[in-house]
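Here are the chains, one letter per residue:
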Amino acid sequence: MSTQSMSIQASSIEAEAAIEALTFDLQGETFALEAGMVREVLDLLPETVVPGSAPFVGAVINFRGRVVPLVDLRLAFDMDAAAPTIDSRIVVIEHELDGEPTLIGLRADKVHEVTSITHDTTEDAPRVGMSWRQDFIRRLARRGGDLIVIPDLEQIFAAKGRSSASITPITASQR
């Protein structure tokens, strides 16, 4: 098989591959996370403010008996923090930090649906013209006339989440 036909075949497979993603809004922008990492979508819960912590991870919640940090992705994207509304939710995800699965709560202004995003509908974030850090965006997906931002949580947590917050990984007995 020639290199060109292998390349075309690989592109075809990549174009057909789709991820299932949970979409949610932050200040009118639509974001998406791979649905496999989402553990639960919660109504708002009582929050405990962590004194001295960065606003990005300024509070924790009690999620089924576990203390889970509550992250405000709006602050990573230089959006203003906003008061919760009747549509606000907490998306609890399991994300690997330092090789350990970790539960993290993410604030969302509104949670939509799980949708399929194919690779051929996505593209890299442009290097110029973005008001957000390019390295915080894994891909941009087009759906209809709208853009969906797929955040790069690794980059965001590396830059924003570890300097002032200690996140406790899930132990085997807590799974």
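Here goes a summary of the coordinates provided. (Residues numbered from 1 in each chain as written. Predicted model: local features only at pLDDT ≥ 70, side-chain atom pairs only at ≥ 80, totals over all residues. Heavy atoms only, no water.)

**With respect to the sheet that holds strand β1 (residues 18–26)**
What counts, and what does not: In this analysis, strands are considered paired if DSSP registers two or more bridges between them. Numbering goes from the N terminus for both helices and strands, where a helix is a DSSP run of H or I of at least four residues and a strand is a run of E of at least two.
One open sheet holds the six strands; their spatial order is β9-β1-β2-β12-β11-β10, and the pairing between them is mixed. Two strands close off the open sheet at either side, each with one partner strand: β9 (110–118) and β10 (122–123). With seven bridges joining them, β1 and β9 adopt antiparallel strand pairing. Pairing of Ala-21 across the sheet is with Thr-115, part of β9.

**Comments concerning the nonpolar core**
Counted only if it meets this: Residues belong to one nonpolar core when they are buried, are Ala, Val, Leu, Ile, Met, Phe, Trp, Tyr or Cys, and are joined through side-chain atoms within 4.5 Å. For the exposure calls, accessible area comes from a 1.4 Å probe over protein chains only, and a residue counts as buried if that area is under 20% of its type's maximum, exposed if over 50%, partly exposed in between. Whether two residues are in contact is decided by their heavy atoms, any of which lying within 4.5 Å being enough.
Residues Leu-73, Phe-77, Ile-93 and Leu-106 are the most contacted members of the largest nonpolar core, which totals 29 residues. At the level of secondary structure, the elements contributing two or more residues to this core comprise β1, β2 (29–34), α2 (73–76), β7 (89–97), β8 (100–108), β11 (137–143) and α3 (153–161). Beyond its immediate sequence surroundings of up to four residues, Phe-77 is in contact with Phe-31, Trp-132, Phe-136, Ile-137, Pro-151 and Ile-156. Core analysis: the next-biggest nonpolar cluster, separate from the first, contains eight residues, Leu-42, Ile-61, Leu-70 and Ile-90 among them.

**Section: the sheet that holds strand β3 (residues 38–42)**
What counts here: Here an axis means a line fitted to C-alpha atoms, over the contact stretch when the element is a helix, while the angle between two N-to-C directions is reported on a 0 to 180 degree scale.
Strand order in the open sheet made by the six strands is β3-β7-β8-β6-β5-β4, with mixed pairing throughout. Two strands bound the open sheet, and with one partner strand each, they are β3 and β4 (47–49). This sheet shows a mean twist of 35° between the axes of neighbouring strands, independent of strand direction.

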